[in-house]
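Structural features, examined
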Amino acid sequence: MPTNISASAPQVTAPIAGEQILRVGPVNPTVAQSLSEEFSSLVLPETEPEREAFLTAHGEQIRVAVCSGRFGVDTDLLSRLPALEAIINFGVGYDATDTKTAIARGIKISNTPEVLNDCVADTALGLYLVTLRSLGAAERFVRNGSWVPGKNFPLATRASGKKVGILGLGRIGQAIATRLEAFGCEIHYHNRNQKPDSNYTYHHSAVDLAAKTEVLIVAAAGGAQSAKLVDAQVLSAVGPQGFVINIARGTVIDESALIDALSTGKIAGAGLDVFENEPHVPAELLELENVVLLPHLGSGTNETRADMAALTLDNLRSYLADRSLLTPIS
Ligand code: 8YV
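The structure contained in this document is the topic of the report that follows. (Residues numbered from 1 in each chain as written. Predicted model: local features only at pLDDT ≥ 70, side-chain atom pairs only at ≥ 80, totals over all residues. Heavy atoms only, no water.)

1. Thoughts on the overall build of the protein chain
Rules: Elements are defined by DSSP. Helices are runs of H or I of four residues or more, strands are runs of E of two residues or more, and each kind is numbered from the N terminus. Each residue is assigned to one of three classes by its accessible area relative to the maximum for its type, calculated with a 1.4 Å probe on protein chains only: buried under 20%, partly exposed between the two thresholds, exposed over 50%. In this description, contact between two residues means that some pair of their heavy atoms is separated by no more than 4.5 Å. For the purpose of charge, His is not counted, nor are the chain termini; Lys and Arg are scored as positive and Asp and Glu as negative. Note on charges: their place is set at NZ of Lys, CZ of Arg, CG of Asp or CD of Glu.
Along the protein chain, the regular secondary structure elements total 12 helices and 12 strands. Expressed along its principal axes, the backbone C-alpha trace of the protein chain runs to roughly 95 × 45 × 35 Å. The buried share of the protein chain, reckoned over its 330 residues, is 47%. A separation threshold of at least 6 residues defines the contact pool for the protein chain, and within that pool the share at least 24 residues apart is 59%. For the protein chain, the centre of its 26 positive side-chain charges and the centre of its 36 negative side-chain charges are spaced 4 Å apart.

2. Structural notes on the packing of helix 1 (residues 29-37) against helix 12 (residues 302-322)
Worth spelling out the cut-off: Every axis in this analysis is a line fitted to C-alpha atoms, fitted for helices over the stretch in contact. Angles between the N-to-C directions lie between 0 and 180 degrees. Should an angle fall under 35 degrees it is taken as roughly parallel, and over 145 as roughly antiparallel, whereas 65 to 115 is taken as roughly perpendicular and any remaining angle as oblique. Left-handed is the label given to a crossing in which the near helix is rotated counterclockwise from the far helix by less than a right angle, and right-handed is the label when the rotation is clockwise.
Two elements in contact, helix 1 and helix 12, have axes separated by 9 Å at closest approach and are oriented at 30°. Of the possible angle classes, the one that applies to helix 1 and helix 12 is roughly parallel. For helix 1 against helix 12, the interelement crossing comes out right-handed. Along its contact with helix 1, which presents Thr30, Val31, Ser34 and Leu35, the element helix 12 presents Ala309, Thr312, Leu313 and Leu316.

3. Some words on helix 5 (residues 117-132)
Counted only if it meets this: Any helix carries an expected span of 1.5 Å times its number of residues minus one.
Its 16 residues place the ends of helix 5 22 Å apart at the C-alpha level, agreeing with the 22 Å of an ideal helix rising 1.5 Å per residue. Remark: Ser134 follows helix 5 within two positions and exhibits a positive phi of approximately 55°.

4. As for the layout of surface pockets
Formally: Residues are said to line a cavity or pocket when one of their atoms sits within 4 Å of a point; the points come from a 1 Å grid over protein atoms alone, cavities being sets where a 1.4 Å probe fits but cannot get out and pockets being open sets with protein on both sides within 12 Å along at least five of seven lines. Grid points are joined across faces, edges and corners, and a volume is the space filled by probe spheres set on the points. Three classes are used: nonpolar for Ala, Val, Leu, Ile, Met, Phe, Trp, Tyr, Cys and Pro, charged for Asp, Glu, Lys and Arg, and polar for all others, with Gly counted as polar.
Space inside the second largest pocket adds up to approximately 270 Å³. Along the wall of the second largest pocket there are 21 residues; nearest its centre are Thr131, Ser134, Ala137, Glu289 and Asn290. Across the lining of the second largest pocket, the residue classes break down as 13 nonpolar, 6 polar and 2 charged.

Right, dumping it as C-alpha cells:
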C-alpha cells in the first residue's frame, strides 16, 4: 500500500538544538542552570564588542530566546535574530520585549501569569500598610533611638475602610482588590475595558479614578500604551491627603511629576516597588520621608520564583516538543 501523506499531517520541523536557544540577560538561577545543563543553550554576552561578535557568529541560527521582564528581546536584538520562532519570558510583564514587531513576524511569546498573583498582591498590601501607617519611618524611629520619654511617633493615616482605586484590574489588580475588601475598603477601578462581572465601581479615566478615591494603586501592565498614564494631572487629582502605590512598572508613572508631587505636598505619600530606570532610584526620592521604596521585589519569594522558573522551563520544553506554548501571551 502506498504511503499516504495527508495535507493535514503535522508539519515536521527540524528539532531545535542547544545552539539555537539563546539566553538573553541574567535570568533566575534555576532557569539559568537548566538552560545550560539540560538544554546546552547559548548565552548572549552583556557587553560590546563580545555581543556584536556573538550575534555575527550565531544570530542567524537562533530559534528560541529565553529572557526576563527586565532584559527582553528588544527591537535591535530582534533584527539580529532573523530565524527566531519563540520568546519564552520569565515574568508576567514583557514590556522589555518588542512584542509588536515579534508578533508581526509570527514569533510566539509566553510569560508566567497567575503563579505570581498572590505574592505581588501581598507586596501591594504590605506597601499600602507601610505607607499609610508610616511603619517604615516608625521602625527607623525605634532603631535610631528617637523613642525616648516624652517623644511619640507622629500619628499616621488609617488604612482600613479607605476608598481605593485600582488602576488596571487584571489578575494582580483583582488579587489586590480581594485583599483590600477584607480591610473594609471600597474598591474602584479604571481599566482599558470595563469588567462586566465586577461589582467594583468603574471610572472612565485614570484622573477620574484618582479624583474619586483616597489611594491609587497602580497595577497596570507596562509598555507604550500605559507610559506616564499617571501624570501631573492624575497626581493632582490624588490630592494632598491621597496616596499612590505602584507595584506594576515605573514607566506607568511620570517619575519627575511624582517627585514634584511628593516634595511639594500635592500628594501625601507614595509606596513604590518599581521605578522608571531600575535599579536607579532618583536621589530626590531617597531624601523624602513620605515615600516608601522597595527594590522591585513584588514576586520575590522562594516559592513564587520557583513556580515562575518551572513555568518558564515548561513553556520551553513544550515549544521544543511540539511548537506549542503553555501560557502564550494571547
Ligand atoms: C520579576 C515582574 O521581578 O513578573 C514580572 O513582570 O516584574 C517580576 O515578577 C521580573 O519578571 C524579573 O525579571
